[in-house]
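As a plain string of letters, each chain reads:
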Amino acid sequence: MLFSLITVAAAGLTVVLTVQKLFYPYFWDDLIYYMKLQRVKRMMKLRMRHGVITLLDCFVQQAKKIPNKPFIIHEGDVYTYQDMDKRSNKVAQVFLKQGSLKKGDIVALLMTNEPDFISVWFGLSKLGCEVAFLNFNIKSNSLLHCFNSCGATTLVVGADLISSLEDVLLTLQNNGINIWLMEKSSAFQRVNTILDKLEHASDDPVPLDVSSQTNIMSTFLYIFTSGTTGLPKAARISHLKAMMCLCFFQMCGATSDDIIYITLPLYHMSASLLGIGGCIELGAACVLKKKFSASQFWNDCRKHNVTVFQYIGELCRYLVNQPKVAGEMDHKVRIAAGSGLRPDVWKDFHDRFGKIKVVESYGLTEASIGFMNYTDKTGPIGRAGFFNKCIIPFDFVKYDIQKAEPVRSDQGYCVKIKKGETGLLIAPVTSMNPFLGYAGNKELSEKKLLRNVFVKGDVFFNTGDFMMQDRDDFVYFRDRTGDTFRWKGENVATTEVADILGVLEFLQEVNVYGVSVPGHEGKAGMAAVVLKPEHKLDGRRLYSHLVEHLPAYSWPRFVRVQASLDVTETFKQQKGRLVKEGFSPSAVSEALYFLDESEKTYVPLTKNLFDDIVSGQIRL
């Protein structure tokens with residue numbers, strides 16, 4: 001009897017597992033990821049039983065727990081957790097003694113990747129200040145805009161960047177901005193120095209009443225969204241958001257034994273909160289590079305025994321595009337974690353550099369909605385199954401490109417898309433997924449919110465990103481709302497077209513965008529491309545590839561051949577200048593080509609041909 005019951009149970013279990021494998025092949029992956037996140041949440045709650053625990057508190061705890069473990073490795077120097085803790089205490093003591101800062105003051109930080117970026121950041125945070133990370137690539141008016149938007153009254157600037165402020169230094173000072181230079185002396189009038197004062201400062205912690213936080217939703221940082229167009233926006237980052245970022249490397253599979261390589265700029269959330277914060281949570285060592293270098297990348301990895309590195313945007317493409325050399329698989333890297341990796345580069349990266357686990361993810365500076373591809377499938381940014389929606393709710397809704405707003409039903413509510421369709425990613429604004437808005441711009445903050453989405457009174461955050469959920473619940477990034485354009489009555493996703501073109505053997509990089517053509521509604525597709533070394537543009541091969549893989553309305557009507565593509569400091573492709581210059585030979589000095597469907601190829605775009613297109617003699 002017992003044997004029969006066991007046999008029946010075993011048979012039943014076999015059937016269940018077979019059905020699961022056939023219809024829910026990623027059930028266990030989803031469940032394991034869900035359980036990991038639940039464990040992280042329980043740890044956060046446990047930490048907060050005795051009050052608000054911040055990223056800074058976690059760092060101080062690690063400095064006490066593992067004081068002599070290397071934390072930051074930079075240009076041959078090694079700084080332990082204790083070294084960085086004491087250094088940041090000194091920074092806090094300098095400003096405390098000066099009496100120029102108090103809890104709640106906003107301080108702008110303009111520094112390149114160096115250990116003192118972290119020391120100053122943590123030192124100011126220990127005083128209860130809110131720190132605004134400035135992009136060191138922005139100039140004059142954009143820089144002044146950043147101060148106006150976040151309300152900073154003090155600026156700490158790195159010694160190597162003070163010269164970049166010469167044209168706005170007097171304006172900043174006249175606006176009442178106190179400027180502190182990370183140097184022992186200054187040639188500039190009314191500029192205070194820090195390093196000379198650090199030599200004599202105490203490394204004791206500042207009093208608890210100065211640094212303690214009582215509201216986990218209060219502002220910790222201001223991080224300016226890099227964007228590809230327009231002036232930077234100062235996103236408010238709460239202590240809760242910072243705490244949620246700490247688990248990034250842990251969820252990617254990293255441990256305290258890993259050595260993590262960060263080449264991204266620290267003023268970006270990926271490097272500071274996910275990167276440095278992720279190292280702190282693990283108690284891991286971080287190799288901090290001043291600036292990314294594709295040619296030095298693998299040498300650095302070998303030199304420092306790097307096991308994990310962080311990427312974003314086109315970084316991995318730059319590695320793949322480097323000339324092949326012997327011993328490229330001679331490294332210890334086991335995890336590459338980040339976002340924005342194109343599928344064509346993903347495959348090439350695997351084939352060339354060995355069995356490195358790529359953990360592609362998606363996240364936003366402004367909100368906590370995010371995805372992580374914890375499977376071995378190439379291409380998706382994550383999953384959207386039952387367990388995933390239990391973590392942080394989200395939806396995909398229909399979007400009207402021409403009206404630049406979600407489609408509404410007759411009842412006035414947003415319309416959810418079906419699997420396999422492309423839609424706008426939105427997420428409800430909740431206590432666990434708050435949106436604190438952009439500093440100094442209530443109107444822009446309000447534009448990021450959608451109200452009365454599914455029921456009257458609900459509020460959702462508009463990510464501005466188009467996604468597609470396939471029938472296996474994988475999520476694919478498709479495009480940004482500002483990049484997608486409409487042609488021949490159809491929506492064209494620039495990222496999708498670029499991915500298709502990117503697999504051609506003669507194309508190294510591709511950036512797709514829409515351009516206005518007189519006499520035509522919508523925008524025609526155009527592709528800026530970089531050719532691989534020793535290759536030419538093969539117009540016939542390009543045409544046949546488009547016919548095979550894309551509908552006609554998605555085909556780029558124009559091609560612009562460039563020596564290199566414009567990207568942001570975080571390796572996102574820029575389209576603004578390309579769109580403005582369009583396809584006019586008089587505005588573009590580089591080679592231009594036009595799709596001649598009758599010849600089934602791309603032909604040089606001459607001045608006469610351009611005139612015929614603009615006058616309407618040639619219809620697209």
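Keep in mind it's a predicted model, so treat the numbers as computed, not measured. (Residues numbered from 1 in each chain as written. Predicted model: local features only at pLDDT ≥ 70, side-chain atom pairs only at ≥ 80, totals over all residues. Heavy atoms only, no water.)

Attention now moves to the sheet that holds strand E12 (residues 308-312). Strand order in the open sheet formed by eight strands is E2-E1-E11-E10-E12-E13-E14-E15, with mixed pairing between adjacent strands. A strand with exactly one partner marks an edge of an open sheet, and here the two such strands are strand E2 (77-80) and strand E15 (370-372). With strand direction ignored, the average angle separating the axes of adjacent strands in the sheet is 20°. Judged from the three bridges that link them, strand E14 (residues 357-363) and E15 form a sheet pairing that is antiparallel. Along E15, the bridge assignment pairs Gly363 with Gly370. Across the sheet, helix H4 (residues 81-98) lies against strand E1 (70-74) and E2, angled at about 80° from E2, the strand it touches most. Contacts from helix H5 (residues 115-126) reach E1, E2 and strand E11 (285-288) within the one sheet, and its direction differs from that of E1 by about 135°. (Pairing = 2+ DSSP bridges. Helix = DSSP H or I, 4+ residues; strand = E, 2+ residues; numbered from the N terminus. Axes fitted to C-alpha atoms, helices over the stretch in contact; angles between N-to-C directions. Contact = heavy atoms within 4.5 Å.)

Looking now at the layout of surface pockets. Approximately 590 Å³ is the volume found for the second largest pocket. Along its surface, the second largest pocket is lined by 27 residues, and Asp57, Val60, Lys126, Leu208 and Ser211 are the ones closest to its centre. Every element with two or more residues in the lining of the second largest pocket is listed here: helix H3 (55-65), H4, H5, helix H9 (208-211) and strand E8 (219-225). It is H3 that provides the largest number of residues to the lining of the second largest pocket, a total of six residues. Split into classes, the residues belonging to the lining of the second largest pocket amount to nine nonpolar, eleven polar and seven charged. (1 Å grid on protein atoms, 1.4 Å probe; cavity = no way out; pocket = protein on both sides within 12 Å on 5 of 7 lines; lining within 4 Å. Points joined across faces, edges and corners; volume = space filled by probe spheres on them. Nonpolar A, V, L, I, M, F, W, Y, C, P; charged D, E, K, R; others polar.)

To continue, consider the nonpolar core. Ranked by internal contacts, the top residues of the largest apolar core, which has 131 residues, are Trp121, Leu273 and Phe309. The element that contributes the greatest number of residues to this core is helix H12 (residues 269-282), accounting for eight residues. Apart from the residues lying within four places of it in its own chain, the contact partners of Trp121 are Leu55, Leu109, Val131, Phe133, Phe220, Leu221, Ser272, Leu273 and Ile276. (Core = buried A, V, L, I, M, F, W, Y, C linked by side-chain atoms within 4.5 Å. Buried < 20%, exposed > 50% of the residue type's maximum accessible area, 1.4 Å probe, protein only.)

Right, let's talk about the state of the cysteines for a bit. Enumeration according to the criterion identifies zero disulfides in this entry. Free cysteine Cys245: the closest other cysteine sulfur is in Cys247, separated by 8.0 Å. Relative accessible area serves as the criterion here: at 5%, Cys245 is assigned to the buried category. Not engaged in a disulfide, the cysteine Cys286 finds its nearest cysteine sulfur in Cys279; these two sulfurs lie 4.6 Å apart. (Disulfide = S-S within 2.5 Å.)

The next subject is a nonpolar patch on the surface. Taken together, the side chains of Tyr24, Phe27, Trp28 and Ile32 present a nonpolar region at the surface, about 440 Å² in accessible area. Of the residues examined, Trp28 reaches a relative accessible area of 44% and is grouped as partly exposed. (Patch = residues over 30% accessible without salt bridge, like charges linked within 9 Å, V, L, I, M, F, W, Y side chains within 5 Å. Areas by Shrake-Rupley, 256 points an atom, 1.4 Å probe, with all protein chains shown as cover. Salt bridge = Lys/Arg side-chain N within 4 Å of Asp/Glu carboxyl O.)

Another point: H12. Burial analysis of H12 places 13 of its 14 residues in the buried class, the great majority of the element. Count one or two residues on from H12 and you reach Gly283, which has phi positive near 75°.

Bear in mind that shape data such as this cannot, by itself, settle questions of function.
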